[in-house]
Structure formats: structure tokens, C-alpha cells
Amino acid sequence: MDRAKPFEIPKREVWEAFKSVRANRGAAGVDGQSIEAFEADLEDNLYKLWNRLSSGSYFPLPVRRVDIPKGEGKTRPLGIPTVADRIAQMVVKRYLEPLVEPIFHEDSYGYRPGKSALDAVGVARQRCWRTDWVLDLDIKSFFDSIDRDKLMAAVRKHTDCRWVLLYIERWLRAPMQMADGSLVEREKGTPQGGVISPLLANLFLHYAFDVWMRRNHPDIAFERYADDAICHCRSEAQAVALRASLEKRFAECGLALHPEKTKIVYCKDDDRAGNYPNQSFDFLGYTFRPRRVKRRDGKLGVSFTPAIGNKALRRIRQTVRRWAFHRHSEWSLEGLAERINPAMRGWINYYGRFNRSALLPIYNHVDDRLARWANWKFKSFKRSRVQAYAWLRRIKRKQPGLFTHWHFYRMLGQTMGAV
């Protein structure tokens, strides 16, 4: 009976796709079904999905729009597919990714096996030391602007598998369900939030940008993470010419550079004279700019290097404030550490890779919130933050590993911050 189905999709592939989706977690889609609810009747749900995929009767539900904050009062729209649709997308991704991954450019870092955002930041750091100028690219509303026909043409370059092509087209055409329940048809783009979207975006930009750069500007190095890209130029004139050339190229592909956010930056350091207006740029949460550093000979100098950016610092502070320690005087200090440490480890592992000392404001901010918590928990402090800090310092001496960030104070040769 299974042999009569038009598409040969192994049941094992649906099971492996489910395991990947479960590991990534994620919110419910328009049907309100969580991963836990899907898993409650797992065998039947997976069989029904496999049956629909194999028979060609699978149609995705609308994607649920969610607006997430991106700083400065702005939001980024995400499209959240249902759990079943995420599993179906993972089945297609598992088929398509091995076909396209080998042809991707070595300086494309986003959402690729064996590559990371920190890899891109590290390479950009080295190249900023070697070249004087950067063209910082910002593609306006990239995921919402992808030309559907051009994207499908790129997919067909690598596969003629009928069910892969069929379901990608159906996902691209699935409407968006807004917060009020209304449906909005989409004429172009692939919503951020889908399992397949990063791979499709990489494939689109591989031909729209990576291959074009290799062919037309082979002497200009770049790092691209999804739609975030940095180009390294030898001169301001070369950067200006590249920007003009890219504006034409992206227009041909149905894209546009953001006129304000795309900028030309001078990578100033001790060896580079000149006073130009733009001497910093943000890339993957890091801000690259001239900084005072200690050189190998022990002397202080200026180097163009990355460190955690102000936007990331503000976002982390907001997260720490939302934890509202002071409202939970019933918690123990050890209980607070259990809640705080996983997030701190994540921030330190990412933002501490380059110029870790720039994280000190975060460490001090967390300690300030801990002192505020101690004020509420221990009435003997009489709301004195100084007493609370003195108490925290005693704890730090006795249990230096209790909080993750306390260990890094010692590595940086710092004591706990003062109120």
C-alpha cells in the first residue's frame, strides 16, 4: 500500500526530522499545538504527516506572526509554523542541505554546519587589521523581499525532486496569520522563523551576492552571516564603487540596500592616519571600533577591534531587570545562581570571545541586582546597598564559583563592582 504513494519519503526521515524539531523547541503555531501536545500522540501524528507528505496531500497551515523586540523600540516579525509544518520543513531541509552545502562560499557563515557567528567575527577582526576600509551592508527587509521565482530557480539548479519543489512552493505561498486572527497573503519572501527559511535565504544570497562578488570583485574579501555582510576594501574609492555596484546588483534581484544603515567605515588604528566620520560598525552583536589596547611590547596603543556592542549590553540589562530578583525574597542565593548562571554562561561564551573586559558593566549590573535582592531578603541591612555589597563580597570570597561571572572578575584582575 505504501508503494503506491507518488512520493517515496522514508518514514525514518520524518522521525529524524521530529527529533531535530523537538531539540530546537519553539512556540506553537496557529493551531496552538505545542511540541509536548504533538508528542502526546506521537506515533499517530507522525504517521499522518508522513502519509500526507508521501501522497502529495500535505498543505501547510498559515504561519503565526510574532513581533519580537530588536532594540530602539523596533520589532522584527517572525512567522511561526505549526509543529507539524516545522517537521515537514525539516524533512525537506535534510534532503536539500547536503546538495547545496558543498557549493556555498567559505565566507558564508550563517546557519551552516561547522560554522558560527563567532567564526565570522574572528575573520572580520583579522581582515580589519589588514585593510583600511569596510562597507557595512544592510539589506532592507531581506526575508520579506526575496523574489519567489528567483528563489525557486536557484532551488531547481540543485534538485528536480518533485516533492521538495512542491512543498517549498507551498510554504512560500502560505499566508500569515496576524495577532487579530486575520490572514495576509504573501506575494514574496520567506518568513523568518521557519525551519527551511535560513537554508533558502543562504541559497538565494549565494547567487545574488556570494557568486556575484567572486566573479565581479574577486579581490574584495567579505564575511556574510545570512543577510548581514561586511566587505573589506583597500580604499574609500573602492568602497564607494562597490556600494554603487551592489545597489544595481541587488535591484536586479529584487532587493535594496538600506540607505541609512549601509555605510562606509574607516578602520582607524595607530598605523592609520585620517579623521573620517564613520569609524565603527556593528556585526553580529559586536561593535568594531578603535580601542585602547596593550600591545605585545607592553605599551598602550589603538587597535580596531570588536567588543560587545551597546545594543547587546542594553538588551542584556533589560533581561536582567525583567528577572526582578527583589520580588523573590523567598529564593536562596544558591537558587538565584541556578537561575542566573545558564544565561550568564551563554553571554560570556559568546560576547566574551573578544575583549572580555567589555562585559564588566554586565557583571556589575547583575551584582547590583543581587544587592537589591539582599536588601529585601535580609531586613537587618535596613535597605543599605553598601551593607548588601559587603555581604556579597564575603560570599564571593567563601564561594567564588557560586555565580559564573564571579570567576571572570578574578580572571580580569577585578574586584566586585561598587554601588
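The structure we're discussing is the one just above.
Residues numbered from 1 in each chain as written. Predicted model: local features only at pLDDT ≥ 70, side-chain atom pairs only at ≥ 80, totals over all residues. Heavy atoms only, no water.

Asker: Any chance you could explain helix H14 (residues 385-398) here in plain terms?
Answerer: Residues spaced three or four apart along an α-helix point in a common direction, a consequence of the helix completing one turn every 3.6 residues. When the terminal C-alpha atoms of H14 are compared, their 20 Å separation across 14 residues agrees well with the 20 Å that a helix rising 1.5 Å per residue should span. Buried within H14 we find Ala388, Tyr389, Trp391, Leu392, Ile395 and Lys396. The buried residues of H14 occupy one face: seen down the axis, they fall within an arc of 160°. Facing away from the buried side of H14, by more than 90 degrees, are the exposed residues Val386, Arg397 and Lys398. (Helix = DSSP H or I, 4+ residues; strand = E, 2+ residues; numbered from the N terminus. Expected span 1.5 Å × (residues − 1). Buried < 20%, exposed > 50% of the residue type's maximum accessible area, 1.4 Å probe, protein only. Arc of directions from axis to C-beta.)

Asker: In this structure, what is going on with empty space enclosed by the protein? I would like to understand it.
Answerer: It is the rolling of a water-molecule-sized probe over the atoms that shows where space remains empty. The final tally for this structure, using the stated rule, is one cavity of 30 Å³ or more. There is about 80 Å³ of room inside the largest cavity. Residues of the lining of the largest cavity, tallied by class, amount to nine nonpolar, four polar and one charged. (1 Å grid on protein atoms, 1.4 Å probe; cavity = no way out; pocket = protein on both sides within 12 Å on 5 of 7 lines; lining within 4 Å. Points joined across faces, edges and corners; volume = space filled by probe spheres on them. Nonpolar A, V, L, I, M, F, W, Y, C, P; charged D, E, K, R; others polar.)

Asker: Help me understand the packing of helix H4 (residues 83-100) against helix H9 (residues 197-216), please; the structure alone is not making it clear to me.
Answerer: The axes of two packed helices give the description: the angle between them and the distance between them. H9 packs onto H4 with a crossing angle of 25° between their chain directions and a minimal axis gap of 11 Å. Classified by the angle their axes make, H4 and H9 are roughly parallel. Considering how the two elements wind past one another, H4 and H9 form a crossing that is left-handed. Each of Lys93, Leu96, Glu97 and Val100 in H4 lies in contact with H9, whose residues at this interface are Leu199, Leu200 and Leu203. Grouping the constituent residues of the contact of H4 with H9 by class yields five nonpolar, no polar and two charged. (Axes fitted to C-alpha atoms, helices over the stretch in contact; angles between N-to-C directions. Parallel < 35°, antiparallel > 145°, perpendicular 65-115°, else oblique. Left-handed = near helix turned anticlockwise from the far one by under 90°. Contact = heavy atoms within 4.5 Å.)

Asker: Hey, could you run me through the state of the cysteines in this one?
Answerer: Among covalent bonds in proteins, the disulfide is the one between the sulfur atoms of two cysteines. Enumeration over the complete set of coordinates arrives at zero disulfides. The thiol sulfur of cysteine 128 is not disulfide-bonded, and the nearest other cysteine sulfur, from cysteine 267, lies at 4.1 Å. Taking relative accessible area as the criterion, cysteine 128 reaches 0% and is therefore assigned buried. By relative accessible area, which is 0% here, cysteine 267 ends up buried. (Disulfide = S-S within 2.5 Å.)

Asker: In this structure, what is going on with unusual backbone geometry? I would like to understand it.
Answerer: Of all residues except glycine, most have a negative phi; of all peptide bonds, most are trans. Of note in this structure, alanine 226 is not a glycine but carries a positive phi near 55°. Locating alanine 226 in the fold gives a position in the loop between strand E6 (221-225) and strand E7 (228-233). Backbone geometry at asparagine 355 places phi at a positive 55°, although glycine is not the residue there. Note on placement: asparagine 355 falls in the loop between helix H12 (333-351) and helix H13 (360-377).

Asker: What is the right way to look at the packing of helix H3 (residues 42-55) against H4 in this model?
Answerer: For the pair H3 and H4, the least separation of the axes is 11 Å and the interaxial angle reads 55°. Put simply, H3 runs oblique to H4. Judged by the sense of rotation from one axis to the other, the crossing of H3 with H4 is right-handed. The residues of H4 that touch H3, namely those facing Leu46, Leu49, Arg52 and Leu53, are Ala84, Ile87 and Ala88. Taken together, the residues of the contact of H3 with H4 sort by class into six nonpolar, no polar and one charged.

Asker: How should I be thinking about the pattern of salt bridges in this particular structure?
Answerer: Any two side chains of opposite charge can pair, so long as their charged atoms come close to each other. This model, assessed by the stated rule, comprises 19 salt bridges. A salt bridge links aspartate 269 to arginine 272, with the nearest nitrogen and oxygen atoms 3.6 Å apart. When salt bridges with common partners are traced through the structure, they connect Arg12, Glu16 and Lys19 into a single cluster. (Salt bridge = Lys/Arg side-chain N within 4 Å of Asp/Glu carboxyl O.)

Asker: What should I look at first to understand the layout of surface pockets in this one?
Answerer: When its volume is computed, the second largest pocket comes out at roughly 440 Å³. Residue lining of the second largest pocket: 15 residues in total, with Arg125, Trp129, Val293, Ser303 and Thr305 positioned closest to the centre. Taken together, the elements giving at least two residues each to the lining of the second largest pocket come down to helix H5 (117-130), strand E10 (286-294) and strand E11 (300-308). Here the lining of the second largest pocket gets four residues from one element, more than from any other, and that element is E11. For the lining of the second largest pocket, the per-class residue count stands at five nonpolar, three polar and seven charged.

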